[in-house]
Amino acid sequence: MNEQVLSKRLSLVGQEVPVGARLADIGSDHAYLPVALMLAGKLEYAVAGEVVKGPFESAKNQVAKNGLDEKIVVRLADGLAAVKTSDQIDTVTIAGMGGTLIASILEAGKVNKQLTGMERLVLQPNVGEPQVRHWLMENGYQIEKEHILEENGKLYEIIVAEPVKNADGVRYSEEELFFGPFLMKTQSPEFIKKWRHEAEQIRRVLLQLQKASSPQEEKVSTLTAELARIEAILGK
Ligand code: SAM
């Protein structure tokens, strides 16, 4: 992967960025996503935010190498602190992190008023997708679209959300938060693969727990409930 050829995962994230967007890509690493989208003529302006010095330097080099210093600003900052009001950001991408971290970045952005609540959000958590959906529901964001894809043997989910006027109108069931409202309806082969695999993992852990000398009842009951939920969605 490089700024010319994005991974399948990042390219799908990029597809959900509207043409002419003013993008903030948080946790940008090499800034591959904003650079590729800018080179493709899709963005008006972008901020690439990075909290770690090494990736921040890589992002700066990548932007300079492609002659995009005027169009992409790279900032060393924690989460949405990379964004200034004058940037007039309308789309935020956060990809390749855990769902808990993504939700905490969004929450801090809201509290510190770097997130206006008007932005389109394109989020790709590696794990912990329910935490992301929960944050969206509690903050007046409606999930517009979801994707699930497989790349290099890994399954990734992408969640696209837009703000709605009536925040109280956004309600998702426990099942929808867990599996994704669109993903659970569509039940693509990747979705089935993911949850079959998860079910198998849980069964394995439960077997181990049954063999353990000290009973871990709480863990067993949590995992049993989770397994039942997965089996119900898979229809077995
Ligand atoms: N977004 C790219 C992608 O999806 O390929 C890079 C993902 S990389 C695994 C995660 C990046 O997020 C790392 O470069 C890390 O330093 C950065 N990161 C982690 N926490 C962050 C935060 N609070 N604010 C900004 N960047 C963060």
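Keep in mind the model is a prediction, meaning the values are calculated, not measured.

The rules we used
- Residues numbered from 1 in each chain as written.
- Predicted model: local features only at pLDDT ≥ 70, side-chain atom pairs only at ≥ 80, totals over all residues.
- Heavy atoms only, no water.
- Pairing = 2+ DSSP bridges.
- Helix = DSSP H or I, 4+ residues; strand = E, 2+ residues; numbered from the N terminus.
- Axes fitted to C-alpha atoms, helices over the stretch in contact; angles between N-to-C directions.
- Contact = heavy atoms within 4.5 Å.
- Core = buried A, V, L, I, M, F, W, Y, C linked by side-chain atoms within 4.5 Å.
- Buried < 20%, exposed > 50% of the residue type's maximum accessible area, 1.4 Å probe, protein only.
- Salt bridge = Lys/Arg side-chain N within 4 Å of Asp/Glu carboxyl O.
- Domains from an automatic or database assignment.
- Buried area = accessible area lost by both parts, 1.4 Å probe.
- Nonpolar A, V, L, I, M, F, W, Y, C, P; charged D, E, K, R; others polar.
- Expected span 1.5 Å × (residues − 1).
- Arc of directions from axis to C-beta.
- Right-handed = clockwise from strand over helix to strand, strands pointing away.
- Near = heavy atom within 4 Å.
- Polar contact = N/O pair within 3.5 Å; in protein donor to acceptor, adjacent residues only side chain to side chain.

## Focus: the sheet that holds strand β3 (residues 72–76)
Sheet strands associate in pairs through backbone hydrogen bonding, adopting either a parallel or an antiparallel arrangement.
Then, number 1: With mixed pairing, 7 strands are arranged side by side in an open sheet as β3-β2-β1-β4-β5-β7-β6. Edge strands, defined here as strands with exactly one partner in the open sheet, are β3 and β6 (141–151). Taken over all neighbouring pairs, the strand axes of this sheet differ in orientation by 15° on average, direction set aside.
Then, number 2: Pairing of strand β2 (residues 43–50) with β3, which is carried by 5 bridges, proceeds in the parallel orientation. Bridging from a neighbouring strand, glutamate 50 pairs with leucine 76 of β3.
Then, number 3: Packed onto the sheet, helix α1 (residues 8–15) meets β4 (91–97), β5 (120–125), β6 and β7 (154–163) and runs at close to 155° relative to β6.
Then, number 4: Packing against the sheet, helix α3 (residues 53–65) makes contact with β2 and β3, and its axis sits at approximately 165° to β3.

## Re the nonpolar core
Then, number 1: Among the nonpolar cores identified, the biggest contains 30 residues, and Val92, Ile94, Leu106, Leu121 and Leu136 are the most heavily contacted of them.
Then, number 2: Not counting residues up to four positions away in its chain, the partners in contact with leucine 121 are Val92, Leu106, Leu115, Trp135, Leu136, Tyr141, Ile159, Val160 and Ala161.
Then, number 3: Listed in part, the 29 residues of the second largest apolar core include Leu10, Leu43, Val63 and Leu149.

## Here's the deal with the pattern of salt bridges
Then, number 1: Under the definition given, this model contains 16 salt bridges.
Then, number 2: The partner of glutamate 162 in a salt bridge is arginine 120, with the nearest N and O atoms 2.6 Å apart. Separated by 42 residues along the polypeptide, glutamate 162 in strand β7 and arginine 120 in strand β5 bring together distant segments of the chain.
Then, number 3: Assessed through its relative accessible area of 15%, arginine 120 is described here as buried.
Then, number 4: Taken together, the salt bridges that share partners define one network made up of Glu129, Arg133, Glu146, Glu157 and Lys194.

## Brief notes about the domain arrangement of the protein
Then, number 1: Partitioning the protein into structural domains gives domain 1 (8–173) and domain 2 (190–234).
Then, number 2: At the junction of the two partners, domain 1 supplies 6 residues and domain 2 supplies 4 residues.
Then, number 3: Of the roughly 480 Å² buried at the junction of domain 1 and domain 2 (both faces included), carbon and sulfur atoms supply 59%.
Then, number 4: When the area that domain 1 buries against domain 2 is broken down by residue, the three leading residues are Ile148, Glu150 and Leu155, summing to 79%.
Then, number 5: There are 3 salt bridges connecting domain 1 and domain 2.
Then, number 6: One salt bridge connects lysine 194 with glutamate 157, and the closest N-O pair in it is separated by 2.8 Å.
Then, number 7: Contributions of two or more residues to the side of domain 1 that touches domain 2 are made by β6 and β7.
Then, number 8: In the side of domain 1 that touches domain 2, the residues fall into 3 nonpolar, no polar and 3 charged.

## A closer look at α3
Structurally, the α-helix is built with 3.6 residues per turn, so residues lying three or four positions apart point the same way.
Then, number 1: The end-to-end C-alpha distance of α3, which contains 13 residues, comes to 18 Å, matching closely the 18 Å that a straight helix rising 1.5 Å per residue would cover.
Then, number 2: Considered for burial, the residues of α3 that qualify are Pro55, Phe56, Ala59, Gln62 and Val63. All buried residues of α3 fall inside an arc of 125° around its axis, so they share one side. Those residues of α3 that are exposed and angled more than 90 degrees off the buried face are Lys53, Asn61 and Lys65.
Then, number 3: In this fold, the buried residues of α3 make contact with α2 (32–39), β2 and β3.
Then, number 4: Immediately downstream of α3, the backbone of glycine 67 shows phi near 65°, a positive value.

## Some words on the pairing of β2
Then, number 1: Extensive coverage of β2 is indicated by the burial of 7 of its 8 residues.
Then, number 2: By the bridge criterion, 6 bridges tie strand β1 (residues 21–26) to β2 in an arrangement that is parallel. Along β2, the bridge assignment pairs alanine 24 with valine 47.
Then, number 3: Once the chain exits β1 it traverses α2 before rejoining the sheet at β2, and the crossover so formed is right-handed.
Then, number 4: Considered for its hand, the β-α-β crossover made up of β2, α3 and β3 is right-handed.

## Topic: the site of the ligand
Then, number 1: The ligand sits among 16 residues. The nearest are Arg9, Gly27, Glu50, Asp78 and Gly79.
Then, number 2: At a separation of 2.8 Å, a nitrogen atom of the ligand approaches a polar side-chain atom of aspartate 78.
Then, number 3: The backbone of glycine 79 places a nitrogen or oxygen atom 2.8 Å from a nitrogen atom of the ligand.
Then, number 4: Here the shell around the ligand takes 3 residues from β4, the largest share from any one element.

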